Amino acid sequence: MEVVIVSSEVAPFSKTGGLGDVTAALSSALHRAGHRVMTVSPRYGVTPLDGLKDSGHVARAYLGTSEQTAKLLVHTAKGPTHVLVEHPMFADRAGIYGDQNGSFGDNHIRFALLQRAGLEAARRIPVGRKTLGESPIFHVHDWQTASLPVYLDQVYRPLGFFRDSPVVLTLHNPAHQGRLPAKMFDDLDLPQRWFSPHGLEWHGDLALLKCGVLRADQLTTVSPTFAWEITTAAGGFGLDVLFRGRFAELTGILNGIDTTEWDPTSDPHLDAPFSAGDPTGKATCKAGLQAELGLPMEKSRPLVGSVGRIDPQKGTELLIDSIPWLVDQGAQVVVLGSAHAAHQKLEWRLREMEDAYPDRVRAWIGFDERIAHRIEAAADIFAMPSLFEPCGLNQMYSMRYGAVPVVRATGGLADSVQDGVTGFSFVEPTGFAFRGALHRALKQFAADGLAAMRAEGMSRDFGWDAVVPEYEAVYAAAVEGRARLLRA
Ligand code: ADP
């Protein structure tokens, strides 16, 4: 198959969360399986420049008030062909989606340019020795690229390109929908007819994700449980009626993890390697993190770790509210994360916890891959009390690193953590229920240091190669669906 992944994040070029990890790992896994794969993502200010070279091709689109020209760069390495879209709207900004003042006001224009560039790259840039054929599969992700079906229909198909190309839209986090004031539609240089319920309009607003939910040939989301949850009024973020309507084309596929980057036997960030068969190095990792953070190096004290965005979605409030109780139960707590401008108050509350319990609590505010790896390796228990969680990656990293996860049974957490076997889960989104699950974990820690559960979690395979056949099936269904549509 020929697959063009168009995404606002592809690691290591850009990443703010799971999206960047997933597009990178999926493209590599598809490439390993023998498919011809291109990714197209922006070259942001934060993108490392090593290995990028000018392809000599550009993408042009009239957006906002003038014609924009983006250079198409390619990354020279083995594996999938990575195309990076170079334009000052991406490169000359401090952040990916926003800065300390909030989201950028022209994100709809920036990502329209990305989508136009994605289509142009698919026509022009070789994958291996030659360019892709007439009908690659376009795989788009979240609201930023969800309107690509419109650009196919409006700009490319009338010229005879990509007539048979289907679009697959993956929903990583439908809480973010690119729902914007109607007047922003005018910046997209599309005929007015696209501002309709069948296109980009939803209750009078410009609605970028909603457009893809209606117009993509197949939809996927990142876990089977979440696929069902979004069809309910409680879990559908206001789009549940549309998800119900497309249930036949909606598949939940649990994300894999990058088992090379997240491998406790060879992780360069750790003080000692360890494995399911020989877990002794984990104690060295725990002592190393305690030393680095200036916490007492107490071996027998349970260390509870947390890594992730500081955000109501992640249940950060439940975690913060439970810290005094955890301290009272004898635990050390280490939290790594950073918040969007809107949730800065949660960062302050975490810092207050650190001040209140200097021997027990550390709040590392910021984004730091190295510390993330070191926390997973050091922690005995990993806390992830998300209110909703499309998939979640950290619970899988923690199982691989022998940190027994305590999770809320929602979305991908429900699909990846087996209560009482590889971790502990709770259902009600309350501190009482969360502490009940933590209590069970602490009890087990006191009994056997969580050795048996740790071994169970570490033996699970969360790699991507097993996931590829599921995406292949969705791609095949998308090709078939498009063909059926054209026959009709
Ligand atoms: P989401 O995509 O909702 O943010 P996921 O659990 O799917 O959550 O993925 C988050 C990814 O980002 C993981 O790889 C996680 O380790 C990483 N991450 C999140 N916050 C931080 C941080 N502050 N420092 C380092 N890594 C982080």
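Each value, and the rule that gives it
Residues numbered from 1 in each chain as written. Predicted model: local features only at pLDDT ≥ 70, side-chain atom pairs only at ≥ 80, totals over all residues. Heavy atoms only, no water. Near = heavy atom within 4 Å. Polar contact = N/O pair within 3.5 Å; in protein donor to acceptor, adjacent residues only side chain to side chain. Areas by Shrake-Rupley, 256 points an atom, 1.4 Å probe, with all protein chains shown as cover. Helix = DSSP H or I, 4+ residues; strand = E, 2+ residues; numbered from the N terminus. Nonpolar A, V, L, I, M, F, W, Y, C, P; charged D, E, K, R; others polar. Domains from an automatic or database assignment. Buried area = accessible area lost by both parts, 1.4 Å probe. Salt bridge = Lys/Arg side-chain N within 4 Å of Asp/Glu carboxyl O. Axes fitted to C-alpha atoms, helices over the stretch in contact; angles between N-to-C directions. Parallel < 35°, antiparallel > 145°, perpendicular 65-115°, else oblique. Contact = heavy atoms within 4.5 Å. Phe/Tyr/Trp six-rings, centres within 6.5 Å; stacked < 30°, edge-to-face > 60°. Buried < 20%, exposed > 50% of the residue type's maximum accessible area, 1.4 Å probe, protein only. Pairing = 2+ DSSP bridges.

This next bit is on the site of the ligand. Around the ligand sit 18 residues, and of these Gly18, Asp21, Arg309, Lys314 and Gly366 come closest. Taking lysine 314, its side chain carries an N or O atom lying 2.9 Å from an oxygen atom of the ligand. A distance of 3.2 Å separates an oxygen atom of the ligand from a polar atom in the side chain of tyrosine 397. Bound to the protein, the ligand loses 93% of the 560 Å² it would expose on its own. Elements that contribute at least two residues to the shell around the ligand include exactly α1 (18-32), β16 (332-337) and α13 (394-400). Considered class by class, the residues forming the shell around the ligand number 6 nonpolar, 7 polar and 5 charged. Per-domain counts for the shell around the ligand show at least three residues from each of domain 1 (2-256 + 465-487) and domain 2 (281-461).

To continue, consider unusual backbone geometry. A cis amide bond links alanine 11 to the next residue, proline 12, at an omega of 5 degrees. Note on placement: proline 12 falls in the loop between β1 (2-6) and α1. We note that leucine 450 has phi near 65 degrees; this positive angle belongs to a residue other than glycine. Mapped onto the fold, leucine 450 is located in the loop between α15 (431-448) and α16 (451-458).

A separate point is the domain arrangement of the chain. Domains assigned within the chain are domain 1 (2-256 + 465-487) and domain 2 (281-461). For domain 1 versus domain 2, the separation of C-alpha centres amounts to 33 Å. Here domain 1 packs against domain 2, burying approximately 1400 Å² in sum over the two surfaces, 60% of which is carbon and sulfur. Contact with domain 2 buries surface across domain 1, with Lys15, Thr225 and Leu254 losing the most and accounting together for 27% of the total. At the junction of domain 1 with domain 2, the criterion picks out 1 salt bridge. Residues lysine 15 and glutamate 369 are paired through a salt bridge, measuring 3.5 Å at the closest nitrogen-oxygen approach. Summed over the shared surface of domain 1 and domain 2, the result is 8 residue pairs in polar contact (both at pLDDT 80 or more). Among the elements of the structure, α1 and α7 (224-229) are those that each provide at least two residues to the side of domain 1 that touches domain 2.

Let's shift gears to the packing of α1 against helix α17 (residues 468-487). Where α1 meets α17, the closest approach of the two axes is 10 Å, and the angle between their N-to-C directions is 85 degrees. With respect to each other, α1 and α17 are oriented roughly perpendicular. Seen from α1, the contacting residues are Leu26, Ala29 and Leu30; seen from α17, they are Val468, Tyr471 and Tyr475.

Across all of its chains, the model carries 14 aromatic pairs by this definition. Measuring from ring centre to ring centre gives 5.7 Å for phenylalanine 111 and tryptophan 143, while their planes differ by 90 degrees; the resulting arrangement is edge-to-face. Residue phenylalanine 111 is located in helix α3 (residues 107-124), and its partner tryptophan 143 is located in helix α4 (residues 142-145); the two are separated by 32 residues in the primary sequence. Take phenylalanine 111 and tryptophan 143: they sit in the same class, and that class is buried. Each ring, one from tyrosine 471 and one from tyrosine 475, has its centre 6.3 Å from the other, and the planes form 40 degrees; the classification is tilted. Of this pair, tyrosine 471 and tyrosine 475 both sit in helix α17, separated by 4 residues, roughly a single helical turn. Within the aromatic cluster, the residues linked to one another by ring pairs are Tyr44, Phe90, Tyr97, Phe111 and Trp143.

The 6 strands are arranged β17-β16-β15-β18-β19-β20 in an open sheet whose pairing can be described as parallel. Since the sheet does not close on itself, it has two edges, and those belong to β17 (361-365) and β20 (424-426), each with one partner. Neighbour-to-neighbour, the strand axes of the sheet open up by a mean angle of 15 degrees, direction not taken into account. Summarising the sheet, strand β15 (residues 303-307) and β16 pair through 5 bridges and their orientation is parallel.

The next subject is the pattern of salt bridges. Within the structure shown, the criterion is met by 27 salt bridges. For glutamate 86, the salt bridge identified is with arginine 43, shortest N-O distance 2.9 Å. With glutamate 86 in strand β5 (residues 81-86) and arginine 43 in the loop between β2 (36-42) and β3 (52-63), this pair connects stretches of sequence that are 43 residues apart. Note on glutamate 86: relative accessible area 24%, which makes it partly exposed. Residues arginine 244 and aspartate 240 are paired through a salt bridge, measuring 3.0 Å at the closest nitrogen-oxygen approach. Here aspartate 240 and arginine 244 lie together in helix α8 (residues 240-245), a separation of 4 residues that amounts to about one turn. By relative accessible area, which is 45% here, arginine 244 ends up partly exposed. One salt-bridge network, held together by shared partners, links Asp271, Glu292, Arg370 and Arg374.

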